[in-house]
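Descriptive structure summary
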Amino acid sequence: MKEKITGSKALMRALQAEGVKTIFGYPGGSIMPTYDALFDYTRGEKKCFDHILVRHEQAAVHAAEGYARVSGEVGVALVTSGPGATNTLTGVADAMLDSTPIVVIAGQVAISALGTDAFQEVDLVGVAQPISKWSYQIRRAEDVAWAVSRAFYIARSGRPGPVVLDFPRNAQVEEVEWEPCKVDYVRSYVAYPKLDMDRVREAAELINNAKRPLALVGQGVELGNAQDELKAFLEKADIPAGRTMLGLSALPSDHPLNVGMLGMHGNYAVNLKEQECDVLIAIGMRFSDRVTGNTKTYAKQAKIIHLDIDRSEIDKNVKTDVAVVADCKESLPALTALVNKNKHHEWRQSFGELNRKELTKVIEPAIHPVQGPLLMGEVVNAVAEQAPRGTVLVTDVGQNQLFATRYFKYPVKRSICTSGGLGTMGYGMPAAIGATFGTERTVCCFMGDGGFQMCIEELGTIMEQQVPVKMILLNNNYLGNVRQWQDMFWMRRKSFTKMLNPCYQLIAQGYGIDYQAVTDRNDLAAAVQKMLATPGPFILECAIKEDDDVLPMTPPGMNVNDMMLEV
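Notes on the structure in this doc start here.

How each quantity is defined
Residues numbered from 1 in each chain as written. Predicted model: local features only at pLDDT ≥ 70, side-chain atom pairs only at ≥ 80, totals over all residues. Heavy atoms only, no water. Helix = DSSP H or I, 4+ residues; strand = E, 2+ residues; numbered from the N terminus. Rg over C-alpha atoms; globule rule 2.2 N^0.38 Å. Buried < 20%, exposed > 50% of the residue type's maximum accessible area, 1.4 Å probe, protein only. Salt bridge = Lys/Arg side-chain N within 4 Å of Asp/Glu carboxyl O. Pairing = 2+ DSSP bridges. Axes fitted to C-alpha atoms, helices over the stretch in contact; angles between N-to-C directions. 1 Å grid on protein atoms, 1.4 Å probe; cavity = no way out; pocket = protein on both sides within 12 Å on 5 of 7 lines; lining within 4 Å. Points joined across faces, edges and corners; volume = space filled by probe spheres on them. Arc of directions from axis to C-beta. Contact = heavy atoms within 4.5 Å. Core = buried A, V, L, I, M, F, W, Y, C linked by side-chain atoms within 4.5 Å. Polar contact = N/O pair within 3.5 Å; in protein donor to acceptor, adjacent residues only side chain to side chain. Parallel < 35°, antiparallel > 145°, perpendicular 65-115°, else oblique. Left-handed = near helix turned anticlockwise from the far one by under 90°. Expected span 1.5 Å × (residues − 1). Lys, Arg positive; Asp, Glu negative; His and termini not counted.

1. A short note on the overall build of the chain
Helix and strand content of the chain: 24 helices and 20 strands. Computed over its C-alpha atoms, the radius of gyration of the chain comes to 24 Å, within 12% of the 24 Å expected for a compact globule of 567 residues. With the C-alpha coordinates aligned to their principal axes, the bounding extent of the chain is approximately 75 × 60 × 45 Å. Relative to its 567 residues, the chain shows a buried fraction of 59%.

Structure (structure tokens):
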């Protein structure tokens, strides 16, 4: 006779079978049976999970995202029903837009109480369905093993994404004869499309005839673990490559074919060269509006090849000439085998003058100013110069994100965690917490004073766990990115972007976290050294020039070649 256990214990065994090691969560009434089962699995001989008690459910999901991004595994969040579940939805939407594999498990009232407006009852499946890859209610204990295995298969396969499991109380307490389940197929769900070699040959012919090819590299390369395949392709065909913000560590920063970051605040040369290339090869990226600018004028001179695992991205924003729909781990080697070994020396050299122009007008003044208040770029550069090789960059959203992604270094894969598609303020600190549990590398988190205060409660999680995250607070007493747009496009009418901030030193002291403030650039290098050398968490607050602007910039809705080097 098979062993009988509760649905909650079945969940523990199912998570164990999926290789879960870390769970980020917050308990409550409707999930209490599961938390009781979890008790035995986090201590003693049966211990197989670390549970990280966050201070807000949204942080549990962002932490799961950070964990997933750096580890390559599925992140897990466990919360209660009602507000506990709805608090996760921002993180679920964030994970959906950034293709981050997570599984959110939320408690729910018993099936018998559904539809009665019971205490903390919310139709989570209905609410989560449009912003998740799959949402499902586990109505019976006997469905736990199947639902969990299916959830993890969907979350991690194909184009990854978030899955939401709604777990009613009756299913948690009912008993079931335990039987493991392994789902590796879902009818009508084609996780890995079959590679069409005719399309690969068409793409190779365009590339072989190109005089000015340019590759656009996105996070899909990281998600497909195809970093080596990407390098082999680029090196054989001698193709310069720009990277999206989420794809920054898909190609090492110091690789000779890396020509910078794409997008509204990316590098000058690569953005302008999108309007000059004759063949544009998009690899695992979705032609976001922040990359293309005005799509009516974007790369009209070029033949466009798009490699992506998700057919729905093909022709969605930019019309392609050849689409190769497959996992880039498979499509890139197939393409590499057919492209000619080539040299595009003159084309690559043509980036030089534009790079020098940006270096003179933007980069040098941003990272090596000679007078005035501290600038964000110089702080990021100071940290990047001293940080150990392979340090993971985590950012919040806003100017801190744009400066940090521009001036940090990415020699190692899976080295960036940032909120791209949704642009979620408050993402940084909890994502950094999750990242520290997903890797043994140093984690540096850049935040503005606005985003820092959106997740400030997670200092409690950092204090309790002694999470060794290095927090760099870029404090300009403004919601800086909105302020910049107000100055540039709204006649300098700074409507509610000025911030009255607390004493962060006292806050750090209250949480027992090491802290140092820097107001003078002569003290910056020593302060960064101290931060990196200090075991455990550290807050480095830097007093930043209030009207520090992120440049270059393509104004919203404008053409890529309208990129501005100065205001």
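2. Quick look at the pattern of salt bridges
Taken as a whole, this structure holds 27 salt bridges when the rule is applied. Glutamate 202 is paired through a salt bridge with arginine 199; the nearest N and O atoms lie 2.6 Å apart. Of the two residues, glutamate 202 and arginine 199 are both situated in helix 9 (residues 197–209); the distance of three residues between them amounts to about one turn of the helix. Overall, arginine 199 belongs to the partly exposed group, its relative accessible area being 29%. Notably, a salt bridge pairs aspartate 238 with arginine 348, separated by 2.8 Å at the nearest N-O pair.

3. A closer look at the sheet that holds strand 10 (residues 241–243)
Pairing is parallel across the open sheet formed by six strands, whose spatial order is 11-10-9-12-13-14. Each of the sheet's edge strands pairs with one partner strand only, and the pair in question is strand 11 (258–261) and strand 14 (322–325). On average, each strand axis in the sheet is tilted by 20° relative to the strand beside it, whichever way the strands run. Relative to strand 12 (residues 279–283), strand 9 (residues 213–217) runs parallel, the two sharing five bridges.

4. Comments concerning the layout of surface pockets
As a volume, the second largest pocket reaches approximately 580 Å³. In this structure, the second largest pocket is lined by 25 residues; those nearest its centre are Ser253, Asn258, Val259, Gly260 and Asn267. Residue assignment for the lining of the second largest pocket shows that the elements contributing at least two residues are strand 11, helix 16 (351–367) and helix 18 (399–407). For the lining of the second largest pocket, the leading source of residues is helix 16, giving six residues.

5. Quick word on helix 24 (residues 524–533)
Side chains that are three or four residues apart share a direction in an α-helix, a result of its 3.6 residues per turn. Three or more residues of helix 24 are buried, namely Leu524, Ala527, Val528 and Met531. Taken around the axis of helix 24, the buried residues stretch over an arc of 100°, which confines them to a single face. Those residues of helix 24 that are exposed and angled more than 90 degrees off the buried face are Gln529 and Ala533. Buried-residue contacts for helix 24 involve helix 17 (376–386), strand 18 (469–475), strand 19 (514–518) and strand 20 (538–543).

6. A short note on the nonpolar core
Judged by nonpolar contacts, the single largest core of 66 residues is most densely connected at Leu280, Phe446 and Cys542. When residues no more than four places from it in sequence are discounted, the contact partners of cysteine 542 are Leu374, Val379, Ile472, Leu473, Leu474, Asn475, Val518 and Leu524. In this structure, Ala10, Val20, Val176 and Val186 belong to the second largest nonpolar core, which totals 40 residues.

7. Considering the pairing of strand 9
With five of five residues buried, strand 9 lies mostly within the body of the structure. Both faces of strand 9 are covered, namely the face carrying Pro213, Ala215 and Val217 and the face carrying Leu214 and Leu216. In this sheet, strand 10 lies alongside strand 9 in parallel orientation, the contact comprising three bridges. Each residue of the ladder has a partner; that of valine 217, found in strand 10, is arginine 243.

8. Some points on unusual backbone geometry
The amide bond that connects leucine 551 to the next residue, proline 552, takes the cis arrangement and shows omega of -5°. Structurally, proline 552 can be placed in the segment after strand 20. Of note, the phi angle at alanine 299 is positive, near 50°, even though the residue is not glycine. One non-glycine residue with positive phi stands out, namely asparagine 477, at about 60°. Here asparagine 477 is to be found in the loop between strand 18 and helix 22 (480–489). In this structure asparagine 477 comes out as partly exposed when scored by relative accessible area, which is 27%.

9. Digging into the side chain of serine 249
Tracing the backbone through its elements, the reader meets serine 249 in the loop between strand 10 and strand 11. In terms of polar contacts, serine 249 uses its side chain to reach the backbone amide nitrogen of arginine 414, at 3.3 Å. One polar contact links the side chain of serine 249 to the main-chain amide nitrogen of serine 415, over a distance of 3.1 Å. Filtering out sequence-adjacent residues up to four positions away, serine 249 remains in contact with Glu222, Tyr410, Val412, Lys413, Arg414, Ser415 and Ile416.

10. Looking at the packing of helix 17 against helix 24
Taken N-terminus to C-terminus, the directions of helix 17 and helix 24 make an angle of 50°; their axes are 10 Å apart at the nearest point. Between helix 17 and helix 24, the crossing angle belongs to the class labelled oblique. Here helix 17 runs over helix 24; the crossing is right-handed. Judged by residue contacts, Glu378, Val379, Ala382, Val383 and Gln386 of helix 17 engage Leu524, Ala525, Val528, Gln529, Met531 and Leu532 from helix 24.

11. Brief notes about the environment of aspartate 40
With respect to the secondary-structure elements, aspartate 40 resides in helix 2 (residues 32–41). As for aspartate 40 and valine 122, which are separated by 82 residues in sequence, their C-alpha atoms are 29 Å apart. With residues near it in sequence (within four places) discarded, aspartate 40 still touches Lys46 and Lys47.

12. Some thoughts on helix 3 (residues 57–71)
Its 15 residues place the ends of helix 3 21 Å apart at the C-alpha level, agreeing with the 21 Å of an ideal helix rising 1.5 Å per residue. Most of helix 3 is tucked away: 14 of the 15 residues are buried. Once helix 3 ends, the next one or two residues include glycine 72, with phi positive near 80°.

13. Section: the side chain of aspartate 396
Among the secondary structure elements, aspartate 396 is positioned in the loop between strand 15 (392–395) and helix 18. One buried charged residue, aspartate 396, forms no salt bridge at all, with the nearest opposite charge on arginine 69 at 12 Å. At 3.1 Å, the side chain of aspartate 396 and the backbone nitrogen of glycine 426 are in polar contact. Those residues within four positions of aspartate 396 in sequence are excluded, and the remaining contacts are Gln401, Thr418, Thr424, Met425, Gly426, Tyr427, Gly428, Phe446, Met447 and Gly451.

14. Observations regarding the sheet that holds strand 5 (residues 102–108)
Read from one edge of the open sheet, six strands run 3-2-4-5-7-6, paired in parallel fashion. One side of each edge strand has no neighbouring strand; the edge strands of this open sheet are strand 3 (50–53) and strand 6 (134–137). Going across the sheet, the axis of each strand differs from the next one's by a mean of 20°, ignoring polarity. Note: strand 6 against strand 7 (residues 162–168), four bridges, orientation parallel. If you follow serine 135 over to strand 7, its bridge partner there is valine 164. Lying over the sheet, helix 2 contacts strand 2 (22–25), strand 3, strand 4 (75–79) and strand 7, oriented at roughly 125° with respect to strand 4.

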